[in-house]
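This is what each chain is made of:
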Amino acid sequence: MEKSQRFVCLVVLHLVLVLLPSSVNAGHDYRAALSKSILFFEAQRSGYLPGNQRVRWRANSGLNDGKASGVDLVGGYYDAGDNVKFGLPMAFTVTMMSWSIIEYGKQLAINGELGHALRAVKWGTDYFIKAHPQPNVLYGEVGDGDTDHYCWQRPEDMTTDRRAYRLDPNHPGSDLAGETAAAMAAASIVFRRYDRAYAATLLRHAKELFNFADKYRGKYDSSITVARKYYQSVSGYSDELLWAASWMHKATNNKFYLNYLGRNGHSLGGTGWAMTEFGWDVKYAGVQVLVSKLLMQGKAGRHLDVFQGYQKQAEFFMCSCLGKGYRNIQRTPGGLIFRQRWNNLQFVTSASFLLSVYSDYLTTSRKTLTCAYGKFAPSQLLNFAKSQVDYILGSNPRATSYMVGYGNNYPQQVHHRASSIPSIKVQPSFVTCRGGYAKWYTRKASNANILTGAIVGGPDAYDNFADERDNFEQTEPATYNNAPLLGVLARLSAGPRGYNLGLPEDGSAVTKPMPKRKPAPTPAKSSVITITQKVTLSWKAKGKTYFRYSTQVTNKSKKNLKNVKLSVSKLYGPLWGLTKSGSSYILGNLPARKSVEIVYVHAAPPAYITVANYN
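Residues numbered from 1 in each chain as written. Predicted model: local features only at pLDDT ≥ 70, side-chain atom pairs only at ≥ 80, totals over all residues. Heavy atoms only, no water.

Looking at an unreviewed UniProt entry, one finds the protein chain named Endoglucanase, with Papaver somniferum as its source organism. As its UniProt record puts it under Sequence similarities (unreviewed entry), the protein chain is described as follows: "Belongs to the glycosyl hydrolase 9 (cellulase E) family." Listed under Subcellular location (unreviewed entry) in UniProt, the entry text for the protein chain is "Secreted". (UniProt positions renumbered as here; feature names shortened; annotations may be inferred.)

Structure (structure tokens):
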């Protein structure tokens, strides 16, 4: 196959909401890149597309998936430029999207993208719920690579075999079941603040899948053999069992999973494998980073020595990325992490995410990174992650953006069936299996549809890149290329001090103390929009103290802002100056350097007022 082996969050601040600049420097617009990167997932959707589908050139597809097996498997994601639904990379994609939201959900909200990110996760988890109809049954693939790659068709025209392949006690797959458990557990953390019933459903599936993976051990590609040529589980299933346990503990805080990590750290390789890659197959570095956070938080308990072993390997990974370890990751002359010629950027985005979160973990715990060649500040990890993202966005020897639709010079002949053939809405005539190859695959012209936000495979070891549709090693995109990038782009948009952005892991509302009688407004940092609240009057009535809050919404930029919408919660009284529309309040236009005042009264601390969106 064409690949290697292989809603809005409330930003709660007591007095001031600060919108940070869209990029750390003027070089790249991380906010724009973030918006595009999330959009890509809509192009990869299978099934019945929703009314709010933004990628309009796509249409319904795969509507009979699972029917022959007596199960509804409509939905989910196509992994890359083909039309197969591969379970292992899809689950890893959902895990990494969820981790991005958990760490940087507030910044995603500030950028107006949290709702889109939540919908992207849910598109995957809705499918996984269908694919897990019984505790010890998991459907892990729909379609197969061999028949799929024989054809070049839009997903709307598929004539290929759509057989469903499953795992059960007689056909185990601990790696696939473990990764899907991790995805469901991570997503349950994301959704518990917005839909507790749905989050509980996800967690129930996660628990069952973890038990299935642990009890019936085996490699999934020994049971679903058609996956072996395309997504072979080279690392086996030990890493996924630890990965799943890490996410189960994070989602439940149940000591069973903490003890699982402690008891099995040595035997399953968590303390032994020193890695220089992280991706859909090899999860060790991700496990080691998650366990390191537990150690930094003082949660290791009686497993202190074992958890220190995990952290040693996590720091091996960080040092090797920085080029300061005993065994370092290769880089291109232009400075890009290079592991393999086939879809190398998957490793770049995944490594950049781990570098970013580990930098933030170190910053929060006031620690530094110790490598073979010295100690390094957390900022150095983040700066290196930034350099990798900047390379992807165009700061490279070829001045090429490897994100489709970003910048002025990006891949035009992306190896992607749906993108290369005109939309069925434009040319409804049926595209035959081989006819697609004859007419569209070999066409030496730009793709008919722009696959906005897609991260392609990327350049070779010498920074060379050939923008050709048949060059699938370099021009094919994949969902797991983009998923880690959501978090990194959100992190970079926050600036160097924006590390404390994650969602509360217990899902509880953040409580604030009652305000003092007349608090002075907190000064805002340099920002696009600031929201400053202060008490202008208070009085007692019927045993309660009421407060009149004056809220100033200020556009500090030099540009006029249009269609400004605010999100208001924890409001228990009347509000003047805004019109409610659905779950948001419409402020309207906000001229450059101007302020608007809104007023409300209630017997409570300040309401939570955030910017939902603006143009």
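K.L.:
So what's going on with the sheet that holds strand E4 (residues 164-167)? Residues and values would help.
P.N.:
Picture the strands of a sheet paired through backbone hydrogen bonds; they go either parallel or antiparallel. Strand order in the open sheet formed by three strands is E2-E3-E4, and the pairing between neighbours is antiparallel. Looking at strand neighbours, the two that pair on one side only are strand E2 (85-86) and E4, the edges of this open sheet. Of the strand pairs in this sheet, strand E3 (residues 138-142) and E4 are connected by four bridges, and their pairing is antiparallel. Opposite leucine 138, over in E4, you have leucine 167 as the bridge partner. (Pairing = 2+ DSSP bridges. Helix = DSSP H or I, 4+ residues; strand = E, 2+ residues; numbered from the N terminus.)

K.L.:
Got a sec to walk through the nonpolar core? Specific residues and values, please.
P.N.:
Membership of the largest hydrophobic core comes to 153 residues, with the highest contact counts inside it found for Trp99, Trp247, Phe307, Tyr358 and Leu369. A per-element tally of this core places helix H2 (residues 87-110) first, with 13 residues. Residue contacts for tyrosine 358: discarding those within four places in its chain leaves Val289, Ser292, Met296, Gln311, Ala314, Glu315, Met318, Leu369 and Leu381. In this structure, Val553, Leu587, Ile609 and Val611 belong to the second largest nonpolar core, which totals 22 residues. (Core = buried A, V, L, I, M, F, W, Y, C linked by side-chain atoms within 4.5 Å. Buried < 20%, exposed > 50% of the residue type's maximum accessible area, 1.4 Å probe, protein only. Contact = heavy atoms within 4.5 Å.)

K.L.:
Can you break down the packing of H2 against helix H8 (residues 238-252) residue by residue, with the values?
P.N.:
Direction vectors running N to C along H2 and H8 enclose 35°, while the axes themselves pass 13 Å from each other. H2 and H8 meet at a crossing whose hand is left-handed. Residues Leu88, Thr95, Met96, Trp99 and Ile102 of H2 lie in contact with H8, whose contacting residues are Glu240, Trp243, Trp247 and Lys250. Split into classes, the residues belonging to the contact of H2 with H8 amount to six nonpolar, one polar and two charged. (Axes fitted to C-alpha atoms, helices over the stretch in contact; angles between N-to-C directions. Left-handed = near helix turned anticlockwise from the far one by under 90°. Nonpolar A, V, L, I, M, F, W, Y, C, P; charged D, E, K, R; others polar.)

K.L.:
Residue-level account of the packing of aromatic side chains, with values.
P.N.:
Following the criterion strictly, the structure yields 27 aromatic pairs and no others. For the pair phenylalanine 210 and tyrosine 260, a centre-to-centre distance of 5.2 Å together with 75° between the ring planes defines the contact as edge-to-face. Of this pair, phenylalanine 210 sits in helix H6 (residues 196-215) while tyrosine 260 is found in helix H9 (residues 255-264), placing the two residues 50 residues apart along the sequence. Relative to phenylalanine 465, the ring of tyrosine 402 lies with its centre 5.0 Å away and its plane at 75°, an arrangement referred to as edge-to-face. In this pair, tyrosine 402 is assigned in the loop between helix H13 (378-393) and helix H14 (417-420) and phenylalanine 465 in the loop between helix H15 (435-441) and helix H16 (472-475), connecting sequence segments 63 residues apart. Here the aromatic residues Phe92, Trp99, Trp243, Trp247, Phe278 and Phe353 are joined through ring pairs into a cluster of three or more. Positioned over the ring face of tyrosine 150 is arginine 434, at 4.3 Å from the centre of the ring. (Phe/Tyr/Trp six-rings, centres within 6.5 Å; stacked < 30°, edge-to-face > 60°. Lys NZ or Arg CZ within 6 Å of the ring centre and 35° of its normal.)

K.L.:
Explain the UniProt feature "active site" (unreviewed entry) in the protein chain residue by residue, including any values.
P.N.:
Per the UniProt record, "active site" (unreviewed entry) is found at His415, Asp467 and Glu476. In terms of the greatest pairwise C-alpha distance, the residues named above, spread along 62 residues, form a tight cluster of at most 10.2 Å across. Among the structural elements, histidine 415 can be located in the loop between H13 and H14. Those residues in contact with aspartate 467, other than ones at most four positions away along the chain, are Tyr410, Pro411, Gln412, Gln413 and Thr475.

K.L.:
Lay out the environment of valine 611 in plain terms, naming residues and giving numbers.
P.N.:
Take valine 611: it is sitting in strand E14 (residues 608-613). The buried category is assigned to valine 611, whose relative accessible area is 4%. It is 9.9 Å that separates the C-alpha atoms of valine 611 and leucine 587, two residues lying 24 residues apart in sequence.

K.L.:
Can you explain the pattern of salt bridges? Please cite residues and give values.
P.N.:
In this structure the tally under the stated criterion is 19 salt bridges. With a shortest N-O distance of 2.9 Å, lysine 229 and aspartate 146 are connected by a salt bridge. With lysine 229 in the loop between helix H7 (220-223) and H8 and aspartate 146 in helix H4 (residues 145-149), this residue pair connects regions lying 83 residues apart in the sequence. Notably, a salt bridge pairs arginine 491 with aspartate 360, separated by 3.0 Å at the nearest N-O pair. Separated by 131 residues along the polypeptide, arginine 491 in helix H17 (residues 479-493) and aspartate 360 in helix H12 (residues 345-365) bring together distant segments of the chain. Each member of the pair arginine 491 and aspartate 360 is classed as buried. (Salt bridge = Lys/Arg side-chain N within 4 Å of Asp/Glu carboxyl O.)

K.L.:
Could you give an account of the state of the cysteines, naming the residues involved and the relevant values?
P.N.:
The final tally for this structure, using the stated rule, is two disulfides. Paired through a disulfide, cysteine 151 and cysteine 433 show a sulfur-sulfur distance of 1.9 Å. Between cysteine 151 and cysteine 433 the disulfide shows an S-S torsion of about -85°. By sign, it is left-handed. Of the two residues, cysteine 151 sits in the loop between H4 and E4 while cysteine 433 sits in the loop between H14 and H15, which places them 282 residues apart along the sequence. For the residue pair cysteine 151 and cysteine 433, the accessibility class agrees, reading buried in each case. Shown here is the disulfide that connects cysteine 319 with cysteine 371, its sulfur atoms set 2.0 Å apart. Taking the sign of the S-S torsion, -90° for the link of cysteine 319 and cysteine 371, the bridge is left-handed. Within this pair, whereas cysteine 319 is found in helix H11 (residues 304-322), its partner cysteine 371 is found in strand E5 (residues 369-371), the two being separated by 52 residues in sequence. (Disulfide = S-S within 2.5 Å.)

K.L.:
So what's going on with helix H3 (residues 114-131)? Which residues, and what values?
P.N.:
Helix length check: H3, at 18 residues, gives a terminal C-alpha distance of 26 Å against a target of 26 Å (1.5 Å per residue), a fit within 8%. For H3, every residue scored as buried is listed here: Leu114, Gly115, Ala117, Leu118, Ala120, Val121, Trp123, Gly124, Thr125, Tyr127, Phe128 and Ala131. Residues of H3 that are buried in the fold lie against helix H1 (30-43), E2, H2, E3, helix H5 (174-191) and H6. (Expected span 1.5 Å × (residues − 1).)

K.L.:
Account for the confidence of the model for the protein chain, with residues named and values stated.
P.N.:
Here the protein chain averages 88 in pLDDT, while 89% of its residues score no lower than 70. Across residues 1-26, where pLDDT falls below 50, the model places 124 contacts with residues more than four positions away in sequence or in other chains. (pLDDT = per-residue confidence, 0-100.)

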